[in-house]
Amino acid sequence: MPVLTDDDRRDDFDHGLARRREVLGDVWVRRSTLDATTFNADFQDLITRYAWDAVWNRPGLSTATRRLLVLAFTMAQGRWEEFDLHCRAALAAGMPPETVREVLIQGGIYAGVPAANTAFKRTMALLAELGIKLESAPLMPAARPRHHTTFSRPQLAVTLQGEGDKAPVLLAHPLGLSEAIWQGLAGRLAALGHPTLRYDLRGHGRSPNPRGDWGLAELADDAARLVTEWGCGPVVMVGLSLGGLVAQQLAATRPDLLRGLVLAHCDSHYPEAARAVFSERIDAVRRQGMVAVAEAALARYLNPALRAARPDIETLLRDVLLAQDPAAYAQACTAVRDADLRGALAGWTGPTLVVGGAQDGGVPAERLAALASSVPRAQLCLLDDASHLGPIEQPAAFEGAVVAFLGDM
């Protein structure tokens with residue numbers, strides 16, 4: 001008969017104590033339990049067993065979700081001592097400040113602006129205490145993102161940022177996502193004096209899906225319309241994946257609107273095997289909606305190391321994918337599948353940067369090199385630790401490559 005160890009004999013108090021220590025840290029738990037007196041020992045025993053074992057050890061919610069719920073509840077009730085305790089523990093455990101921020105913004109609607117205002121002040125103090133630095137984001141005209149919608153149809157949601165005198169930059173996102181992936185790059189370019197315009201492609205993000213069929217030609221017409229209405233052309237266009245195909249199509253049909261190209265994580269056409277995969281994806285989306293393709297898309301978009309280290313990023317992207325209009329996604333997939341821009345840029349004379357990920361299975365390094373060799377004056381940049389979303393996976397390296405390419409433009 002096996003000999004029982006102390007771990008085998010742990011009761012609900014021991015399980016709760018271990019969970020409490022995991023969530024709040026050893027120092028706080030030791031203070032609450034080892035310093036207990038005859039007056040409060042029974043109470044500490046009660047909350048350790050019922051709160052920390054019976055509730056926190058339930059399998060229905062992740063630890064991260066429970067942390068966020070506690071922040072929301074304590075903020076709503078003005079229980080600031082508990083809020084500080086759990087917020088400090090969450091941040092110290094690696095909870096991204098951006099995730100906490102979203103809880104506080106949501107709380108501003110459902111718990112009231114005064115509560116959110118207090119929560120933001122206390123959280124910023126905790127971030128400073130923990131040595132977590134925050135980037136400056138002054139709400140000045142030259143830096144503040146400004147959200148608009150085009151007057152012409154189909155209407156497109158656009159975000160303008162920056163008021164400098166350097167080359168204006170148009171940013172086009174990949175299939176199934178939105179202009180939000182460009183937040184970091186747009187902010188950096190705006191700070192350097194580049195006016196930027198990022199937009200949701202038709203049927204993506206906040207841009208509606210117009211009736212009727214459309215494809216790459218219509219997407220390029222949308223981009224041309226944006227440059228014309230913006231009145232800042234010619235522009236440098238940065239296109240990623242589907243956005244890179246749009247940029248190539250625009251350069252082939254309206255080169256007068258462009259002064260440079262950044263073609264990220266894209267090809268000029270896809271081989272037959274890839275076309276078959278797109279056809280399967282189109283059929284799946286039309287039958288089952290976005291849930292049929294979201295997980296496979298995430299596996300293509302993000303490298304395994306980032307998915308393991310930053311589940312919050314994967315969660316955000318999953319939410320965007322699942323909110324995507326399936327009909328628009330299917331049409332955009334069709335545009336990618338049927339694209340054939342081989343030789344389309346042979347007459348393009350503007351500077352070009354081709355950038356991609358060394359771990360990208362969809363657009364491998366040899367395809368990127370072939371694209372770069374087919375475009376006059378093209379440079380090639382390969383990001384070692386990236387798959388298909390360089391601005392998300394390796395933001396510093398991606399932004400640095402774009403900034404260096406722009407130079408004094």
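Numbering of residues starts from 1 in every chain and runs along the sequence as written. For a predicted model such as this one, the threshold for reporting local features is a pLDDT of at least 70, and the threshold for listing and counting side-chain atom pairs is 80 or more; totals across whole chains, interfaces and linings nevertheless cover every residue. Each side-chain value is worked out from all heavy atoms of the structure, with water and hydrogens disregarded.

S.K.: Quick one: what's the story with the overall build of the protein chain, residue by residue and with numbers?
M.R.: Under the scheme used here, helices are H or I runs from DSSP no shorter than 4 residues and strands are E runs no shorter than 2 residues, and both carry numbers assigned from the N terminus. Looking only at helices and strands, one finds 18 helices and 8 strands in the protein chain. Along the three orthogonal principal directions, the C-alpha set of the protein chain runs to about 85 × 60 × 40 Å. We call a residue buried when its accessible area falls under 20% of the maximum for its residue type, exposed when it is over 50%, and partly exposed in between, using a 1.4 Å probe and counting protein chains only. For the protein chain, the proportion of its 409 residues judged to be buried stands at 46%. Note on contacts: a residue pair is in contact if any heavy atoms of the two residues lie within 4.5 Å. By sequence separation, contacts in the protein chain at least 24 residues apart represent 72% of the contacts at least 6 residues apart. With an accessible surface of roughly 20,000 Å², the protein chain has 55% of that area assigned to carbon and sulfur atoms. To measure how exposed things are, a 1.4 Å probe is used in the Shrake-Rupley method; for residues, cover is taken only from the protein chains shown.

S.K.: Explain the pairing of strand 3 (residues 169-172) to me, and be specific about the residues and the numbers.
M.R.: Alternating positions in strand 3 separate into two faces, Val169 and Leu171 on one and Leu170 and Ala172 on the other, with burial throughout. Direction of pairing for strand 3 relative to strand 4 (residues 196-199): parallel, over a ladder of 4 bridges. Pairing of leucine 170 across the sheet is with leucine 197, part of strand 4. A crossover gets the label right-handed when its path from the first strand over the helix to the second runs clockwise, viewed with the strands pointing away from the viewer. A crossover links strand 3 with its parallel partner strand 4, the connecting element being helix 8 (residues 183-191), and its sense is right-handed. Here strand 3 runs beside strand 5 (residues 235-240); their pairing, made up of 4 bridges, is parallel. Within strand 5, the residue paired with leucine 170 across the bridge is methionine 237. Strand pairing is assigned whenever DSSP identifies at least 2 bridges connecting the two strands.

S.K.: Describe the packing of helix 12 (residues 294-301) against helix 14 (residues 311-323), with residues and values.
M.R.: Interaxial angle, 0 to 180 degrees, is taken between N-to-C directions of lines fitted to C-alpha atoms, where a helix line uses only the stretch in contact. Viewed as axis vectors pointing N to C, helix 12 and helix 14 meet at an angle of 135°, and their least axial separation amounts to 10 Å. Here helix 14 runs oblique to helix 12, going by the angle between their axes. Considering the relative orientation of helix 12 and helix 14, their crossing is right-handed. In this structure, helix 12 uses Ala294, Glu295, Ala297, Leu298 and Tyr301 to contact helix 14, whose residues at the interface are Glu314, Leu317, Arg318, Leu321 and Leu322. Note on residue categories: nonpolar means Ala, Val, Leu, Ile, Met, Phe, Trp, Tyr, Cys or Pro, charged means Asp, Glu, Lys or Arg, and polar means any other residue, Gly included. Partitioning the contact of helix 12 with helix 14 into residue classes produces 7 nonpolar, no polar and 3 charged. Throughout, the term roughly parallel applies to angles under 35 degrees, roughly antiparallel to angles over 145, roughly perpendicular to angles from 65 to 115, and oblique to all others. Two helices crossing with the near one rotated counterclockwise from the far one by less than a right angle form a left-handed crossing, whereas a clockwise rotation gives a right-handed crossing.

S.K.: Hey, could you go over the side chain of histidine 173 for me, with residue numbers and the actual values?
M.R.: Relative to the elements of secondary structure, histidine 173 occurs in the loop between strand 3 and helix 8. Reaching out from histidine 173, the side chain makes a polar contact with the backbone nitrogen of leucine 201 at a distance of 3.0 Å. The contact partners of histidine 173, leaving out residues within four places of it in the chain, are Ser178, Glu179, Ile181, Trp182, Tyr199, Asp200, Leu201, His204, Leu240, Leu242 and Gly243. In protein, a polar contact requires one atom able to donate a hydrogen and another able to accept it; more generally it is a pair of N or O atoms within 3.5 Å, and residues adjacent in sequence count only if both atoms are side-chain atoms.

S.K.: Let's hear about the sheet that holds strand 6 (residues 258-264): which residues, and what values?
M.R.: Read across the sheet, 8 strands follow the order 1-2-4-3-5-6-7-8 without closing on themselves; strand pairing throughout is mixed. In the strand order of this sheet, the two ends are held by strand 1 (146-149) and strand 8 (378-383), each with one partner. Averaged over neighbouring strand pairs, the angle between their axes works out to 20° when direction is ignored. Sheet topology note: the strand 2 (residues 157-161)/strand 4 ladder contains 4 bridges and is antiparallel. Its bridge partner being in strand 4, threonine 159 is matched across the sheet by arginine 198. Where helix 9 (residues 216-230) meets the sheet, its contacts fall on strand 2, strand 3, strand 4 and strand 5, and the angle it forms with strand 4 comes to roughly 145°. Set on the sheet, helix 10 (residues 242-253) makes contact with strand 3, strand 4, strand 5 and strand 6; between it and strand 5 the angle comes to about 140°.

Function-wise, these values are silent; they only describe arrangement.
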